[in-house]
Amino acid sequence: MSFFRRLGNLFRDDALSAGAEREMSFHLDERVDDLMRAGMSRPDAEAEARRRFGNRTVMKEQTRDADLLGWLASVADDLRYALRGLRGNPGFAAIAILSLALGIGANAAIFTLVNAVMLRSLPVNDPASLIAVTDERPSQGPVSGSAVLTNPIWEAVRDRSSGVGSFFAYGDTRFDLSTGGVVRRIPAYWVSGGAFQVLGVGAAAGRLLTAGDDVRGCTPVAVLSSGFAQRQFGAAGAAVGASLPLDGHPVTIVGVTDPAFTGMEIGNAPAIYVPLCARPIISGDPQALDHRGNWFLRIMGRLPPGQSIEVTRSRLAAMAPSVYQATLPGNWGREYQHDYLKRTLWAEAGAGGTSDVRHQYSKALTVLLVVVGVVLLIACANVANLLLARATARQREMAVRLAMGAGRGRLVRQLLTESLLLAGLGASLGIVFARWASALLVRYLATRNGSVWLDLHPDLRVLGFAVAVAVATGVLFGLAPAWRATRVDPQAAMKAQSRGTTAARLPVARALVIGQIALSLVLVVAAGLLVGTFRRLTTMNPGFRREGVLVATVDFGNSGLDSARQRLMRDDLLEKLRALPGVRSAALSFTSPISGSGWNEQVIADGDSVVRDRKTSVDFNMVSPGWFQTLGTELRGGRDIAEGDRIGAPFVAVINEAMAHAYFPGGSPLGRSFRISGVDGKPGHPFQIVGVVENAKYGKLNEELQPIAYVPNSQTDWFGSEASYELRVAAGDPLALSAQVTAAALAENHAAQLDFVTLTRQVSESIRRPRLLATVSGFFGGLALLLAIIGLYGTMAYGVAQRRNEIGIRLALGAARSRVLKMVLGEAGTLIGLGAIFGLAGALAATKLVASFLYGVQRNDPLTLALSAVVLGLVALAAGAIPAWRAASLDPAETLRAD
């Protein structure tokens, strides 16, 4: 009989049994007739026929097993029995399923992110043959695929790539779709002409970019993503032929990409694709593609059929000398040029594309995966304890089944089926939790400049992970209780007065509680360190006062005016902003603190002939008079930038204390000077130091203090078209000034483009990763502690319930209630103490995993270790005190009477 025929018989079990019954009755009747014809009476013939036929029930079971998958039917029976058992004990079922749902759901949520960021391939044709091209530097080795290269390097690789592979280049940017006023920035890509052909991406409407669209002097065109076309125009077809203003330049849309295509970078879903040749037009810089120091492109390619990545690497290495010789930056010093010419090209697998999100968060996600794995272990220990307690209560049931002939293996299978059912129900609920939690975690990564886009739809990898975790979990927490439950002496368990073995005294139960406490302490310590780091970052003095400051970024690039006129407009706008009602002070700068942008240079201090240390550099900022006062940065000596520090006046600078100590040790830097190391190492003009200010953070809150030099904004034409205005308000929400600032800027020039953010939010967005780690680890540390406490409470409470008779006798014989209380608390304290010892030992080893994420906190910080142990001990002791108090409050007479 075929497998599928037997599988179908499972759904006609009653009909199958009735048919077997009719078949056996027919054979018995035939045998009775034969015996009667031989001379036997009917009663004797029927008795002899039954004897010869054998056990009718056994024969019926064998017939059924032959006609259907007996083991599968048995599993179905076990599942029905397990469901009835869970319905009969809803409290146990709810606690077990909820514990497992949180543990499995947390693992599924983090793995969903790991899959989206680190494992998922690009949604393109044959992603396995894609490669990412980067450079390999003598002192660093191959740079990650997220590294960027220049357009001259790209063009040199493109022109020499015959026989090596098919390559394309792209670089991320953001276009402003407004025509003046508050900006509306949209994520976009610069792409080379053959990008879509190399990737094998099709069009949903119109056509995609080709090599003919990407030639010097081109007329700009654009391709939209399917989602953006739907949002902007209502349909993909409606977008083709329409126009969009990109940074003030109208660009014609020629096509829309396939909806499945989301870009070449994980975490970034661009809405617009524009050919590289349009960059000089849209940026307003005719030489935008020729700058040999403008690093903004990534290069990807596809291996030729049959060619290995090792062969491609060797061919790229062979072409590298000519590529770097042809693209050597002429304004670099000789030593830097020498290092540049030593570089070579490198290829790495590109199936997953490139990703800044992957580079920034891969280690953090690995840490979180370990954290939720530990939470799942604690949840498994919790459920195992519940099952051990339940198994003790079911000893009489197991004894009856053993006495009736059931094998121990059959009982273990039944109990494991119950465990797997619990795991399956927990996993089903956990998947729902995972979908919500993973989406919430992605929102933690978003900034005001846009959300991080990740494909969180569960694929076979995620579903396989969830199933594997559920099965492993069911076996993990179910095997020991199942084995323990079947190791029962039927004769002893069947005695009417037998109470079985006390669960609280089972070595397995005690070990599980100790393990729960130890693992939860490890997580509490890790959470304490990460929360301490986040608290340190949010409460530290960064060298400026972040509260009450509006940062307005104003760009006059579309004004059509030269740099001198733009400088005058910037200064005029600053005076208007200072006069606005509610503005206490205002200033402007090249970059605002912790903005993600910056400018650094090698400098030569007064008295030195060369750069002191090529590995270090000085961060620079161009600021207006009053900038330090507006930001709340204290002047330590000398004077501030003044109104007279303009073009034609001597070049001056204000430096921070870190630069004073590094470059001018042993004396006052006031009156001394430094120079910027220029072309070929030749220094530029000297900057005379007129003031020293306190140290302040420049790029990141968790950076070490760096030397910073502040120079007057009106003393140079280097500023560019964009400026950051910082406005300190007298009271209220700084963003309330946005409308007035916009009106003032548009009155200055109607093409001005503005963007707003409070300094508080700008600083807050810079610590997204510490916030994510602190929040998630804090949540799961608290969850682990809760699960451990529930496990301790359940074990102690069940132990007290099993020992009611013993405790009642003790009290009846005169034992003081305080002694009973002390006895039970002593047992709980022993478990807590052992768990704390093992937990502290584990924490000392495990904190190495989070050491790289800490700032201002040592990984073995004694205070964090001590506080974590004390908090866990007090909470656990409180949980153990409840059953202890109940034990001490028992009425001896009532207890003995009930027994």
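Think of each chain on its own: its residues are numbered from 1, step by step along the sequence as written. It should be noted that, the model being predicted, local features are given only for residues of pLDDT at least 70 and side-chain atom pairs only at 80 or more, the latter also being counted only at that level, while totals for whole chains, interfaces and linings use all residues. Water and hydrogen atoms were dropped before computing side-chain values, which therefore reflect all heavy atoms in the structure.

Helix numbering and strand numbering both begin at the N terminus, where a helix is a DSSP run of H or I of at least 4 residues and a strand a DSSP run of E of at least 2. The secondary structure content of the chain amounts to 29 helices and 25 strands. Three exposure classes are used, based on accessible area relative to the maximum for each residue type with a 1.4 Å probe and protein chains only: buried under 20%, partly exposed in between, and exposed over 50%. Across the 899 residues in the chain, those meeting the buried criterion constitute 50%. Within the chain, residue pairs in contact and separated by at least 24 positions form 79% of the contacts whose partners lie at least 6 positions apart. Note on areas: Shrake-Rupley with a 1.4 Å probe; residue coverage comes only from the protein chains shown. For the chain, the exposed surface amounts to about 39900 Å²; the carbon and sulfur share of it is 57%. Throughout, a residue-residue contact means that at least one pair of heavy atoms, one from each residue, lies within 4.5 Å.

Looking at the chain as a whole, the pLDDT averages 83, with 86% of positions reaching at least 70. Predicted confidence for residues 1-12 stays below pLDDT 50, and this span has 18 contacts to residues more than four positions away or in other chains. The predictor rates its confidence in each residue with pLDDT, a number between 0 and 100. Below pLDDT 50 for its whole length, residues 496-505 participates in 25 contacts with residues either more than four positions away or in separate chains.

Now for the packing of helix H26 (residues 804-812) against helix H27 (residues 817-846). What counts as an axis is a line fitted to C-alpha atoms, over the stretch in contact for a helix, and the angles between N-to-C directions run from 0 to 180 degrees. The contact between H26 and H27 brings their axes to 10 Å, and the two run at 145°. H27 is crossed by H26, and the crossing has right-handed handedness. Between H26, through Ile807, Arg810 and Leu811, and H27, the contact on the second element is made entirely by Arg817, Val820 and Met823. The classification used treats Ala, Val, Leu, Ile, Met, Phe, Trp, Tyr, Cys and Pro as nonpolar, Asp, Glu, Lys and Arg as charged, and all other residues, Gly among them, as polar. Among the residues making up the contact of H26 with H27, the classes are represented as four nonpolar, no polar and two charged. When the near helix sits turned anticlockwise from the far one by under a right angle, the crossing is termed left-handed; a clockwise turn instead gives a right-handed crossing.

Mapping Ser419 onto the fold places it in helix H16 (residues 408-444). Not counting residues within four places of it along the chain, the set of residues in contact with Ser419 comprises Leu387, Gly474, Phe477 and Gly478.

Tracing the sequence through the fold places Ser777 in helix H25 (residues 768-802). Given a relative accessible area of 4%, Ser777 falls into the buried group. If near-sequence neighbours (up to four positions away) are discounted, Ser777 is found in contact with Ala527 and Leu530.

Looking now at unusual backbone geometry. Residues other than glycine seldom take positive phi values, yet Asp126 does so here, at roughly 50°. Within the secondary structure layout, Asp126 lies in the loop between helix H6 (90-119) and strand S1 (130-137). Here Asp126 falls in the partly exposed class, since its relative accessible area comes to 41%. Non-glycine residue Ile594 carries a positive phi angle of around 55°.

Now for the packing of helix H20 (residues 563-578) against helix H23 (residues 738-748). Between H20 and H23, the shortest axis-to-axis distance is 10 Å and the interhelical angle comes to 145°. As for how H20 packs across H23, the hand of that crossing is right-handed. Contacts between H20 and H23 involve Met569, Asp572, Leu573, Lys576 and Leu577 on the former and, on the latter, Val741, Ala744, Ala745 and Glu748. The residue inventory of the contact of H20 with H23, partitioned by class, reads six nonpolar, no polar and three charged.

Let us look at the pattern of salt bridges. Whenever Lys or Arg places a side-chain nitrogen within 4 Å of a carboxyl oxygen from Asp or Glu, that contact is recorded as a salt bridge. For the structure shown, the criterion picks out 18 salt bridges. Residue Asp126 is joined to Arg302 by a salt bridge in which the shortest nitrogen-to-oxygen separation is 4.0 Å. Taken as a pair, Asp126 in the loop between H6 and S1 and Arg302 in strand S12 (residues 295-302) lie far apart in primary sequence, 176 residues in all. A salt bridge links Arg343 to Asp135; its shortest N-O distance comes to 3.2 Å. Taken together, the residues span a long stretch of sequence, with Arg343 in the loop between helix H13 (334-341) and strand S13 (344-349) and Asp135 in strand S1 at a distance of 208 residues. There is no split in this pair, since Arg343 and Asp135 are both buried. Salt bridges here are not isolated pairs; linked through shared partners, they connect Asp571, Glu575, Arg578, Glu643 and Arg646.

A few words now on helix H12 (residues 309-326). Multiplying 1.5 Å by the helix residue count minus one yields the expected span of that helix. With 18 residues, H12 extends 25 Å between its outermost C-alpha atoms, agreeing within 8% with the 26 Å of an ideal straight helix rising 1.5 Å per residue. Three or more residues of H12 are buried, namely Ile309, Thr312, Leu316, Met319, Ala320, Val323 and Tyr324.

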